Amino acid sequence: MSLPWEDAVLSTMQDVPLTVTRILEHGVLVHGRSRITTWTGEGEPQRRSFAEAGTRAVQLAHALRDDLGVRGDDRVATLMWNNAEHVEAYFAIPSMGAVLHTLNLRLPAEQLVWIVNHAADKIVIVNGSLLPLLAPLLAKLPTVEHIVVSGPGDRSLLDAAGSHARVHEYEELIADKPTTFDWPELDERQAAAMCYTSGTTGDPKGVVYSHRSIYLHSMQVNMAESMGLTDEDTTLVVVPQFHVNAWGLPHATFMTGINMLMPDRFLQPAPLAEMIEQEKPTHAAAVPTIWRGLLAELTARPRDVSSLTQVSVGGSACPPSLMRAFDDLGMRICHAWGMTETSPLGTMARPPAHALGTDEEFGYRLTQGRFPAGVEGRLIGPGGERLPWDGESAGELEVRGNWIAGSYYNGPDTEPLRLADKFSEDGWLKTGDVGTISPDGFLTLTDRAKDVIKSGGEWISSVELENALMSHPAVAEAAVVAVPDDKWGERPLATVVLKEGATADFDALRAFLAEEGNIAKWQLPERWTIIEAVPKTSVGKFDKKVLRRQYAEGELDVTRL
Ligand code: ADP
């Protein structure tokens, strides 16, 4: 790097690259006894120490290089649940200089095909239980040369796949490999891992994390103002490893020795409750949908989940009713905001010291939280003007920082894409989220720009209506979307899922919104419908695009009040 003036005093500090390799080596050497426990559904869970997983990561790197010919920045994809083998891949692939590409196993088939081809993945490491998903796609994946299968599953599905890719067994491949690897010297700006956004609008977009961004992000995850866990803790990592690196937890844990409890494919409320009772995690991380399911399970079949005292919730807004219910269970939710593009830790809602124990505390916890030093935020108004942090001016949130994307992957040997609608001219990420920031730096998101209901020149927050509805005792879930309206341009349509055996009439729900939810009269929905479940995206968020389409095509039975 050139210096701005000639006779500048040079720093006397060493310039050691920030790499995933370093995180791996540290985890093995200093926290070798910490554990990754993977739920197996029956019998004892699989238990593996960081030292064992680290050795197996070394052996996997040998297998990938020596047997399968992985070189340079080849992309090695994983189609896997959260488990110890996936953690091994997380470390082996970037440490050898290649690029880990985590595939979202809940994406529609055609999107998966698009993504694998776009990234030109050479290898796919796949859990046996996911072969029914992968096998039918293989004929359309010309770049894939090798499939490595791990864990139980029907291998014969690959016989008829019509692919030239060679099939290997994970355990056979790594057995007897050397247990040390002469890791290459890497540039910290090199690509370490990639993850595509779930493509709710247009084609999925590839975000490529560097060694440096992962390292710095992991340090942030470990700070007390963020998750702040230690080797006394066990974190239940429900958020998938294919969803923004499981919010950075596999890397962060190797830095500080936090034990990991991995649910593998057992993500339903009952096994989650069982693993909490049996393995006693102290922390867990997941989107609100998972917690709502767990809450219903614990209400129907109470269990001893008292070990679990800290819960990180993000991915979509945490409804106040959920936070309260978890407080009653002794599990303190900490609300966080982030995106695939932000690695994902953007903000986290730890109330300021002066608010603890006061009436203000709960309000602070409901915000999306404060930015850490590594992330800067600003609000941009409809005319492109910068808005003040006054807690009232609402605009689009833009961010920049050490682990924030500045462009998207555009295929091998091409320049990354700087899309004008995603990045400002001065390089900030346009998040597409709308909200306010208080004078003391707390971000409150009112909506996604595309979900806001624009009624007669005013904005109605769909999230606010949903939260109010979900605090009604008869309501299990509720999603509110904008629908066209002749008079107002758009009006809210409330889609409601009732709790099992519950009944509610729409007039009563509307009155509840006004009286208990403090929703202004002009914001109250007049269109209502009962649905069986809110459609969800591949990462468990409300899929409002589907609801809007269902409404447009007349598939919903709508009552107009
Ligand atoms: P996708 O954009 O495909 O849903 P991401 O996981 O990257 O995938 O989603 C990021 C978006 O999720 C954010 O831009 C924001 O709209 C939403 N989000 C994440 N966390 C929160 C939160 N705590 N509150 C409200 N919205 C959130």
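Note that this is a predicted model, so its numbers are computed, not measured.

Lay out the pattern of salt bridges with the relevant residues and their values.
Evaluated as defined, the whole model comprises 33 salt bridges. Ionic pairing is found between arginine 155 and glutamate 169, a salt bridge with its closest N-O pair at 2.7 Å. With a gap of 14 residues between them, arginine 155 in the loop between β6 (146–150) and β7 (166–169) and glutamate 169 in strand β7 connect regions that are remote in the sequence. Taking the relative accessible area as the measure of exposure, arginine 155 reaches 24% and is therefore partly exposed.

Describe the sheet that holds β7, naming the residues involved and giving the relevant values.
Read from one edge of the open sheet, seven strands run β7-β6-β5-β3-β4-β8-β9, paired in mixed fashion. Pairing within the sheet leaves two strands with one partner each, and these edge strands are β7 and β9 (206–210). Going across the sheet, the axis of each strand differs from the next one's by a mean of 25 degrees, ignoring polarity. Bridging between strand β5 (residues 123–127) and β6 involves five bridges; their strand directions are parallel. Within β6, the position partnered with valine 124 by the bridge is isoleucine 147. The strands touched by helix α3 (residues 84–95) are β3 (75–79), β4 (99–102), β5, β6 and β8 (191–196); relative to β4, the strand with the most contacts, the crossing angle is about 145 degrees. Across the sheet, helix α4 (residues 109–119) is in contact with β3, β4 and β8; its angle to β8 comes to roughly 155 degrees.

Tell me about the domain arrangement of the protein, and name the residues and values.
Once the domains are mapped, the protein shows domain 1 (13–210), domain 2 (374–450) and domain 3 (451–560). Just the C-alpha atoms count here: the centres of domain 1 and domain 2 sit 31 Å apart. The interface of domain 1 with domain 2 comprises twelve residues on the first partner and ten residues on the second. Taking both partners together, domain 1 and domain 2 bury about 750 Å²; carbon and sulfur atoms supply 70% of that area. A per-residue breakdown of the area domain 1 buries against domain 2 is headed by His118, Lys205 and Gly206, which together make up 48% of the total. Joining domain 1 to domain 2, the criterion identifies zero salt bridges.

How would you explain the site of the ligand if you had to name every residue and give the values?
Taken together, 17 residues surround the ligand, and among them Ser198, Ala336, Asp433, Arg448 and Lys541 come closest. Taking glycine 315, its main chain carries an N or O atom lying 3.0 Å from a nitrogen atom of the ligand. Within the side chain of histidine 335, an N or O atom sits 2.9 Å from a nitrogen atom of the ligand. Contact with the protein chains covers 92% of the free accessible surface of the ligand, which is 560 Å². Sorting the residues of the shell around the ligand by element identifies β14 (332–337) and β20 (429–437) as the ones contributing at least two each. Counting residues per element, the shell around the ligand draws most heavily on β14, which supplies three residues. Split by residue class, the shell around the ligand holds four nonpolar, ten polar and three charged.

Explain the packing of helix α1 (residues 20–30) against helix α9 (residues 249–256) to me, and be specific about the residues and the numbers.
Between α1 and α9, whose axes approach to 7 Å, the crossing angle comes to 50 degrees. Here α9 runs oblique to α1, going by the angle between their axes. Crossing angle aside, the handedness with which α1 passes α9 is left-handed. Residues Val20, Ile23, Leu24, His26, Gly27 and Val28 of α1 touch α9, and the partners they reach there are His251, Phe254 and Met255. Looking at the contact of α1 with α9 residue by residue, the class counts come to six nonpolar, three polar and no charged.

Please set out the nonpolar core residue by residue, giving values where relevant.
Among the nonpolar cores identified, the biggest contains 81 residues, and Ile36, Leu64, Phe91, Ile125 and Phe254 are the most heavily contacted of them. Ranked by residues supplied to this core, first place goes to helix α2 (residues 50–67) with eight residues. Excluding residues within four positions of it along the chain, isoleucine 36 makes contact with Gln46, Arg47, Arg48, Phe50, Ala53, Ala84, Val87, Phe254, Met260 and Met262. Among the nonpolar cores identified, the runner-up in size contains 60 residues, and Leu103, Ala135, Met331 and Phe362 belong to it.

Tell me about the side chain of threonine 37, and name the residues and values.
Its place among the elements puts threonine 37 in strand β1 (residues 35–38). Residue contacts for threonine 37: discarding those within four places in its chain leaves Pro45, Gln46, Arg47, Met260, Leu261, Met262 and Glu279.

Explain the packing of aromatic side chains residue by residue, including any values.
Considering all chains together, one arrives at nine aromatic pairs under this definition. Each ring, one from tryptophan 114 and one from tyrosine 196, has its centre 6.4 Å from the other, and the planes form 85 degrees; the classification is edge-to-face. Here tryptophan 114, found in helix α4, pairs with tyrosine 196, found in strand β8; they are 82 residues apart in sequence, far enough to count as distant. Centre to centre, the rings of phenylalanine 371 and tryptophan 389 are 6.4 Å apart; their planes meet at 35 degrees, and the pair counts as tilted. Remark: tryptophan 389 occurs in the loop between β18 (386–387) and β19 (395–401) and phenylalanine 371 occurs in the loop between β16 (369–370) and β17 (375–380); sequence separation between them is 18 residues.

Reading the values: the criteria
Residues numbered from 1 in each chain as written. Predicted model: local features only at pLDDT ≥ 70, side-chain atom pairs only at ≥ 80, totals over all residues. Heavy atoms only, no water. Salt bridge = Lys/Arg side-chain N within 4 Å of Asp/Glu carboxyl O. Helix = DSSP H or I, 4+ residues; strand = E, 2+ residues; numbered from the N terminus. Buried < 20%, exposed > 50% of the residue type's maximum accessible area, 1.4 Å probe, protein only. Pairing = 2+ DSSP bridges. Axes fitted to C-alpha atoms, helices over the stretch in contact; angles between N-to-C directions. Contact = heavy atoms within 4.5 Å. Domains from an automatic or database assignment. Buried area = accessible area lost by both parts, 1.4 Å probe. Near = heavy atom within 4 Å. Polar contact = N/O pair within 3.5 Å; in protein donor to acceptor, adjacent residues only side chain to side chain. Areas by Shrake-Rupley, 256 points an atom, 1.4 Å probe, with all protein chains shown as cover. Nonpolar A, V, L, I, M, F, W, Y, C, P; charged D, E, K, R; others polar. Parallel < 35°, antiparallel > 145°, perpendicular 65-115°, else oblique. Left-handed = near helix turned anticlockwise from the far one by under 90°. Core = buried A, V, L, I, M, F, W, Y, C linked by side-chain atoms within 4.5 Å. Phe/Tyr/Trp six-rings, centres within 6.5 Å; stacked < 30°, edge-to-face > 60°.

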